[in-house]
Structure formats: structure tokens, C-alpha cells
Amino acid sequence: NILLGCRILQGRGRNDYAISYAIVRGDDELARVFGRSARPDECHIVTSGQSCDEVVPIIRARWPEHRVSRADVSSDFDADFDMLDRIAVDFAAERGVSYRLVTDSAGGASRYLGAVSSETRVVVYKKSEQLRALDPSRADSVPDGICRVEFRIRPGKRDVKERVATMEPQDYWGLSKWTQQFAERILFVEAERTATHHRRPSEWSRLLHAFRTQYAPGMHRRVLEVGRDEVVRDLLDALGLNDDEERPF
């Protein structure tokens, strides 16, 4: 609160946290801290919008070893929503990505790309209408035609949560193949692909690894004694794989 020039307001907790503290400056809440969970010494911090520019560097500097449960990165445009929506739908249809449209009676509209259960989703929506609905008292000051393209990541694995905590916002787009392509095609943002899941090695790869781990030192010594070709012939003989013998397949 000293670094940000804010005051702290205590409030109710939620989910598994018994208490919360709002970090407030003027009329704006920069962050909310949730504490007193069943897990000792753990807290949960929520910050959004322009507040991230101030709050995130402080968190990273003071608590470098932390994890991110959700992160959003967005770009705003003065654009026609229907045009952006058509582009988004065409992109999703080409790649077999699920999509759906949600509207409301106040004129709001949001196009969701990606399954609800997915770790990565993209939302294209009318930002002007959302801002007016959130704060009707300031509705007249919100300009028309603001659209937002937002990428939402909910990493599931611990190591991915830790990795996301150190990444720059534009790099989040590389957390899945289709979002990386979306950013490049729609936003002209080039994000390096960041792998978040690793396939289980094949049975053959595991067999080779076990053979190399157990027998490689002895094989190397034998090669130095009699040469590589003789070692290869001995191995083929031992496995019954010489050309002059019947193969077992």
C-alpha cells in the first residue's frame, strides 16, 4: 500500500479464503488480496485492467516464486463488431475450434472461441457496451465502437502456472497452436510457441532409453576393443536379427 499510495479495506472472503483486502486508490480498486485459507502461508491476488501495469511488477519483484491460476491479455480496437465476429468465426471454422455467441438485451455481444473446459480461450466482444453496463453513471463518457479481443489462459499444470507467472503478455498467445495462429493472423502479433503438454514417449523410445542407460558404457568399451562393426554383428546375432537368419516378423 505504501508503494502504490493506497488504502486497505477489509472485506469478506470467498471460495476457500476467509478474508479479503481491497487495495484502493481514490475510487479505483487496484487489487484484491484473499487470505486465511486452509493452506498455510497462501494468499490469492486478483488484479485487472491498467492496474496490472503497477501491481504485477511488484508481485514479481517481491514474490518471484508464485503461480498464476488465470491470466488475460487483450487488445482494444475502434472497429465494427460484426466484421471482427465474422473473421473470428471463419478462423475457428477452418481449424475446427468450437465457438458460440452470447448476447444480451442491452446490445452486448461476446463471441467465444474454444471449449469452456479448455485451458485457452479467445473472446471477441463489445467493450463499449460492457463498460456502460458495469458503471452506468459513467456511460456517457464511454465512446462508441470499442471492441476487445481477449485471450484467457487457465493453466492446469503446476509447471505451466509457474511459467506463465514470468511471461510477458504478448507471449501468452503462444501457449496453444491455434491461439498463436489467431494472434498472427488477426492481431499481427508473432508469439513464440510455448509447449504446455508433453506426450508420453513411445514404447520403442522407452526401450531404447532403458537399453542405453543400462548397457551403453559396456558397449562403448567393447567398441574400443574390437571395433563398431563386430559389436553390431554380435548384437544382431544375440537378437537373432542377422540377414542369414529367419526374422521373427
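Participant: Looking at this structure, how should I read the pattern of salt bridges?
Facilitator: Two side chains with opposite charge may pair up if their charged atoms get near one another. One pass over the full model with this rule turns up 17 salt bridges. Taking the shortest distance from any N to any O, the salt bridge between aspartate 144 and arginine 132 comes out at 2.5 Å. In this pair, aspartate 144 sits in the loop between helix 3 (127-134) and strand 9 (146-153) while arginine 132 sits in helix 3, placing the two residues 12 residues apart along the sequence. Taking relative accessible area as the criterion, aspartate 144 reaches 60% and is therefore assigned exposed. For arginine 158, the salt bridge identified is with glutamate 162, shortest N-O distance 3.3 Å. Note that arginine 158 and glutamate 162 are positioned in helix 4 (residues 158-164) at a spacing of 4 residues, about one turn of the helix.

Participant: Explain the environment of leucine 101 to me, please; I cannot follow it from the model alone.
Facilitator: Mapped onto the secondary structure, leucine 101 falls in strand 6 (residues 99-103). Taking relative accessible area as the criterion, leucine 101 reaches 40% and is therefore assigned partly exposed. When the C-alpha atoms of leucine 101 and arginine 86 are compared, they prove to be 11 Å apart, with 15 residues separating the residues in sequence. Setting aside residues up to four positions removed in sequence, leucine 101 forms contacts with Phe81, Ala109, Ser110 and Arg111.

Participant: What's the story with unusual backbone geometry in this structure? I'm lost.
Facilitator: If a residue is not glycine, its phi is most likely negative; likewise, a peptide bond is most likely trans. Of note, asparagine 15 is a non-glycine position whose phi angle comes to about 55°, a positive value. With respect to the element layout, asparagine 15 can be found in the loop between strand 1 (7-12) and strand 2 (19-25). What makes asparagine 15 exposed here is its relative accessible area of 74%. Residue arginine 36 is not a glycine yet carries a positive backbone phi of 60°. Looking at the secondary structure, you find arginine 36 in the loop between strand 3 (28-35) and strand 4 (44-46).

Participant: How should the side chain of arginine 148 be read in this particular structure?
Facilitator: Relative to the elements of secondary structure, arginine 148 occurs in strand 9. Each residue touching arginine 148, except ones within four places of it in the same chain, is listed here: Ser74, Ser75, Asp76, Val123, Val124, Tyr125 and Lys127.

Participant: Before we go on, may I ask you to explain the side chain of serine 20 in this structure?
Facilitator: Inspection of the secondary structure puts serine 20 in strand 2. In this structure serine 20 comes out as buried when scored by relative accessible area, which is 0%. Side chain to side chain, serine 20 and arginine 32 meet in a polar contact 3.1 Å long. Ignoring any residue separated from it by four or fewer positions in sequence, one finds serine 20 in contact with Leu9, Gln10, Gly11, Arg12, Gly13, Arg32, Val33 and Phe34.

Participant: Teacher, can you tell me more about the layout of surface pockets here?
Facilitator: In this approach the atoms are scanned with a rolling probe the size of a water molecule, which exposes any empty space left behind. Taken as a whole, the second largest pocket spans an internal volume of roughly 250 Å³. Secondary-structure elements contributing two or more residues to the lining of the second largest pocket are helix 6 (203-226) and helix 7 (228-239). Here the residues of the lining of the second largest pocket sort into 8 nonpolar, no polar and no charged.

Participant: Just checking my understanding: could you explain the nonpolar core for this structure?
Facilitator: As a rule of thumb, nonpolar side chains are buried together in soluble globular proteins. The biggest cluster of nonpolar side chains holds 30 residues, and the ones touching the most others in it are Leu113, Val122, Phe151, Val164, Tyr172, Trp173 and Phe182. The set of elements that each furnish at least two residues to this core consists of strand 5 (71-78), helix 2 (81-95), strand 7 (109-113), strand 8 (120-126), strand 9, helix 4 and helix 5 (177-187).

Participant: Can you walk me through the pairing of strand 9 in this structure?
Facilitator: Of all 8 residues in strand 9, 7 are buried; the element is thus mostly enclosed. As defined by bridge partners, strand 5 adjoins strand 9 across 8 bridges and the pair is classed as antiparallel. Each bridged residue has a counterpart across the sheet, and for alanine 71 the counterpart in strand 9 is isoleucine 153.

Participant: Is there a simple way to think about helix 7 in this case?
Facilitator: Since there are 3.6 residues in each turn of an α-helix, residues three or four apart along the chain are aligned in direction. For helix 7, built from 12 residues, the straight-helix expectation of 16 Å at 1.5 Å per residue is met to within 8% by its first-to-last C-alpha distance of 17 Å. Remark: glycine 240 follows helix 7 within two positions and exhibits a positive phi of approximately 70°.

Participant: Got a minute to help me understand the sheet that holds strand 2 in this structure?
Facilitator: Hydrogen bonding along the main chain pairs the strands of a sheet, whether they run parallel or antiparallel. The strand order across the open sheet formed by 4 strands is 1-2-3-4, and the pairing between neighbours is antiparallel. Pairing within the sheet leaves two strands with one partner each, and these edge strands are strand 1 and strand 4. Mean inter-strand twist for the sheet, computed between neighbouring axes without regard to direction, equals 25°. With 7 bridges joining them, strand 2 and strand 3 adopt antiparallel strand pairing. Opposite serine 20, over in strand 3, you have phenylalanine 34 as the bridge partner.

Participant: Honestly, the packing of helix 2 against helix 5 in this entry has me stumped. Any pointers?
Facilitator: Helix packing geometry: the angle between the two helix axes and the distance between the axes. At a closest axis distance of 11 Å, the pairing of helix 2 and helix 5 adopts a crossing angle of 140°. On the basis of their axis angle, the class for helix 2 and helix 5 is oblique. In the crossing of helix 2 with helix 5, the sense of the turn from one axis to the other is right-handed. Contacts between helix 2 and helix 5 involve Ile87, Ala88, Phe91, Glu94 and Arg95 from the former and Trp178, Gln181, Phe182, Arg185 and Ile186 from the latter. Among the residues making up the contact of helix 2 with helix 5, the classes are represented as 6 nonpolar, 1 polar and 3 charged.

Calculation criteria
- Residues numbered from 1 in each chain as written.
- Predicted model: local features only at pLDDT ≥ 70, side-chain atom pairs only at ≥ 80, totals over all residues.
- Heavy atoms only, no water.
- Salt bridge = Lys/Arg side-chain N within 4 Å of Asp/Glu carboxyl O.
- Helix = DSSP H or I, 4+ residues; strand = E, 2+ residues; numbered from the N terminus.
- Buried < 20%, exposed > 50% of the residue type's maximum accessible area, 1.4 Å probe, protein only.
- Contact = heavy atoms within 4.5 Å.
- Polar contact = N/O pair within 3.5 Å; in protein donor to acceptor, adjacent residues only side chain to side chain.
- 1 Å grid on protein atoms, 1.4 Å probe; cavity = no way out; pocket = protein on both sides within 12 Å on 5 of 7 lines; lining within 4 Å.
- Points joined across faces, edges and corners; volume = space filled by probe spheres on them.
- Nonpolar A, V, L, I, M, F, W, Y, C, P; charged D, E, K, R; others polar.
- Core = buried A, V, L, I, M, F, W, Y, C linked by side-chain atoms within 4.5 Å.
- Pairing = 2+ DSSP bridges.
- Expected span 1.5 Å × (residues − 1).
- Axes fitted to C-alpha atoms, helices over the stretch in contact; angles between N-to-C directions.
- Parallel < 35°, antiparallel > 145°, perpendicular 65-115°, else oblique.
- Left-handed = near helix turned anticlockwise from the far one by under 90°.

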